[in-house]
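Observations on the three-dimensional arrangement
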Amino acid sequence: MTLAPFDNSYARLPDRFYARLPPTPVSAPRLLKLNLPLARELGLDPDILAWMFEVEPPAAFVENLYQLRMIVEPAAAELAATNRTTRHIGRMGHALEIMEEMGLATAEGQAADQQFHNVLLEATGNDLLVSLSGSIGSAVRATALFKARKAKQLRDSIPLHRELFSAITNGDAAAAK
């Protein structure tokens, strides 16, 4: 599939033509849409993820989530650096701006982080990877909540997001991976 060149010209419009809105914070974020057949095939269920993280999850379960992310996310970032469009770059950049402005400890920052990762998967151009966004998103949210409960001070991951954004923007697949 060949895409026509896309000019992200809306970003250059005067303010009166658009409104910049932050993501809507929610008190208890949850998965809204799930590709059920794929989730079953992968053995992922957001209800189980949520339930597992209401109490102390088994260490093996947390390790499995990290392994899933380590398998999928680097390859997705590599593809995104190769296949991204200016629209993807604009949306990821906007999410990163909100993360930097609001911080990842806020609902707005966490929603922007989720948006950043969702757009990254979209930028791969691979429909099967995009269909994983719900499952990966659940794993990211669940592990973030678990880490927040366990750590006295969380590591600031915004610099890593900045580096990843830069690599994808520059089309540097090796650095994105």
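See above for the structure.
Described below are features of the structure shown in this document. The structure presented is a predicted model; accordingly, all values stated were derived computationally and were not measured.

1. Here's the deal with the overall build of the protein
- Scanning the protein for helices and strands turns up 9 helices and 0 strands.
- Helices (α) and strands (β) of the protein occur, in sequence order from the N terminus, as α-α-α-α-α-α-α-α-α.
- Here the analysis covers contacts within the protein between residues at least 6 apart in sequence; of these, 75% occur between residues at least 24 apart.
- About 11300 Å² of surface is accessible on the protein, with carbon and sulfur atoms providing 57% of the total.

2. Concerning the nonpolar core
- By size, the foremost hydrophobic cluster in this structure holds 27 residues, and its most contacted members are Met92, Phe116, Leu120, Leu164, Ile168 and Ala176.
- Of all elements in the fold, only helix 3 (59–83), helix 4 (86–102), helix 5 (107–123), helix 8 (158–169) and helix 9 (173–176) reach the threshold of two or more residues within this core.
- Ignoring anything within four residues of it in the chain, the contact list for Ala176 reads Ala77, Glu78, Ala81, Leu164, Ala167 and Ile168.

3. Side note on the side chain of Thr124
- Examined against the element boundaries, Thr124 turns out to sit in the loop between helix 5 and helix 6 (127–131).
- You can call Thr124 buried: its relative accessible area is 2%.
- Within the structure, Thr124 has its side chain in polar contact with the backbone nitrogen of Asn126 (distance 3.1 Å).
- Filtering out sequence-adjacent residues up to four positions away, Thr124 remains in contact with Ala76, Leu79, Ala80, Asn83 and Leu129.

4. A few points about the pattern of salt bridges
- Applying the stated criterion across every chain, the model contains 4 salt bridges.
- A salt bridge links Glu73 to Arg69; the nearest nitrogen and oxygen atoms lie 3.2 Å apart. Of this pair, Glu73 and Arg69 both sit in helix 3, 4 residues apart, which is roughly one turn of that helix.
- With relative accessibility at 16%, the residue Glu73 sits in the buried group.

5. What to know about the environment of Met102
- Here Met102 shows up in helix 4.
- Each C-alpha atom of the pair Met102 and Pro22 lies 9.6 Å from the other, and the pair is 80 residues apart in sequence.
- If we skip the residues at most four places from it in the chain, Met102 touches Glu108 and Gly109.

6. As for the packing of helix 3 against helix 8
- Close contact between helix 3 and helix 8 brings their axes to 7 Å; oriented N to C, the two are set at 40 degrees. Taken as axis vectors, helix 3 and helix 8 run oblique relative to one another. Of the residues in helix 8, those in contact with Ala77, Ala80 and Ala81 of helix 3 are Leu164, Ala167 and Ile168.
- Its residues assigned to classes, the contact of helix 3 with helix 8 shows 6 nonpolar, no polar and no charged.

7. As for helix 5
- An ideal rise of 1.5 Å per residue puts 24 Å on 17 residues; helix 5 measures up with 24 Å between its terminal C-alpha atoms.
- Residues of helix 5 that are buried include every one of Gly109, Ala112, Asp113, Gln114, Phe116, His117, Val119, Leu120, Leu121 and Ala123, and no others.
- Immediately downstream of helix 5, the backbone of Gly125 shows phi near 75 degrees, a positive value.

8. Overview of helix 8
- Helix length check: helix 8 (12 residues) gives 16 Å between terminal C-alpha atoms against 16 Å at 1.5 Å per residue, within 8%.
- Residues of helix 8 that are buried include every one of Ile158, His161, Leu164, Phe165, Ala167 and Ile168, and no others.
- Turning to helix 8, the residues buried within the fold contact helix 3, helix 4, helix 5 and helix 9.
- A positive backbone phi angle near 70 degrees is found at Gly171, which sits one or two residues after helix 8.

9. Considering the environment of Ser157
- Tracing the backbone shows Ser157 in the loop between helix 7 (133–150) and helix 8.
- As a C-alpha pair, Ser157 and Met99 span 58 residues in sequence and 9.9 Å in three-dimensional space.

10. Observations regarding the packing of helix 4 against helix 5
- At their nearest, the axes of helix 4 and helix 5 sit 8 Å apart, and the two run at 160 degrees to each other. The pairing of helix 4 with helix 5 is recorded here as roughly antiparallel in orientation. Relative to helix 5, the crossing made by helix 4 is left-handed. Contacts between helix 4 and helix 5 involve His88, Arg91, Met92, Ala95, Leu96, Ile98, Met99 and Met102 from the first element and Glu108, Gly109, Ala112, Asp113, Gln115, Phe116, Val119, Leu120, Glu122 and Ala123 from the second.
- Split into classes, the residues belonging to the contact of helix 4 with helix 5 amount to 11 nonpolar, 3 polar and 4 charged.

Parameters at a glance
- Residue positions are counted from 1 within each chain, in the order its sequence is given.
- Totals for whole chains, interfaces and linings use every residue, but because this is a predicted model, local features are given only for residues with pLDDT of at least 70 and side-chain atom pairs only at 80 or more, for both listing and counting.
- With hydrogens and water set aside, each side-chain value is computed from the structure's full complement of heavy atoms.
- A run of H or I in DSSP becomes a helix once it reaches four residues, and a run of E becomes a strand once it reaches two; helices and strands are each numbered from the N terminus.
- In this analysis, two residues are considered to be in contact whenever any of their non-hydrogen atoms come within 4.5 Å of each other.
- Each accessible area is a Shrake-Rupley estimate made with a 1.4 Å probe; only the visible protein chains count as cover when residues are assessed.
- Among the buried residues, those of types Ala, Val, Leu, Ile, Met, Phe, Trp, Tyr and Cys that are joined through side-chain atoms within 4.5 Å form a nonpolar core.
- The buried label goes to any residue with under 20% of its type's maximum accessible area, the exposed label to any with over 50%, and the partly exposed label to all in between, with areas taken from a 1.4 Å probe on protein chains only.
- Polar contacts, as counted here, are pairs of nitrogen or oxygen atoms within 3.5 Å of one another; within protein the pair requires one atom able to donate a hydrogen and one able to accept it, and residues that are adjacent in sequence qualify only if both atoms are side-chain atoms.
- Salt bridges, as used here, are contacts in which a Lys or Arg side-chain nitrogen is within 4 Å of a carboxyl oxygen on Asp or Glu.
- The axes used here are C-alpha line fits, helices contributing only the stretch in contact, and every angle between their N-to-C directions lies in the interval 0 to 180 degrees.
- Roughly parallel covers angles under 35 degrees, roughly antiparallel covers those over 145, roughly perpendicular covers 65 to 115, and oblique covers all other angles.
- Each residue gets one of three labels, nonpolar for Ala, Val, Leu, Ile, Met, Phe, Trp, Tyr, Cys and Pro, charged for Asp, Glu, Lys and Arg, and polar for the others, Gly among them.
- Expected helix span is computed as 1.5 Å times (number of residues minus one).
- Crossing handedness is defined as follows: a turn of the near helix away from the far one that is anticlockwise and smaller than a right angle gives a left-handed crossing, while the clockwise case is right-handed.

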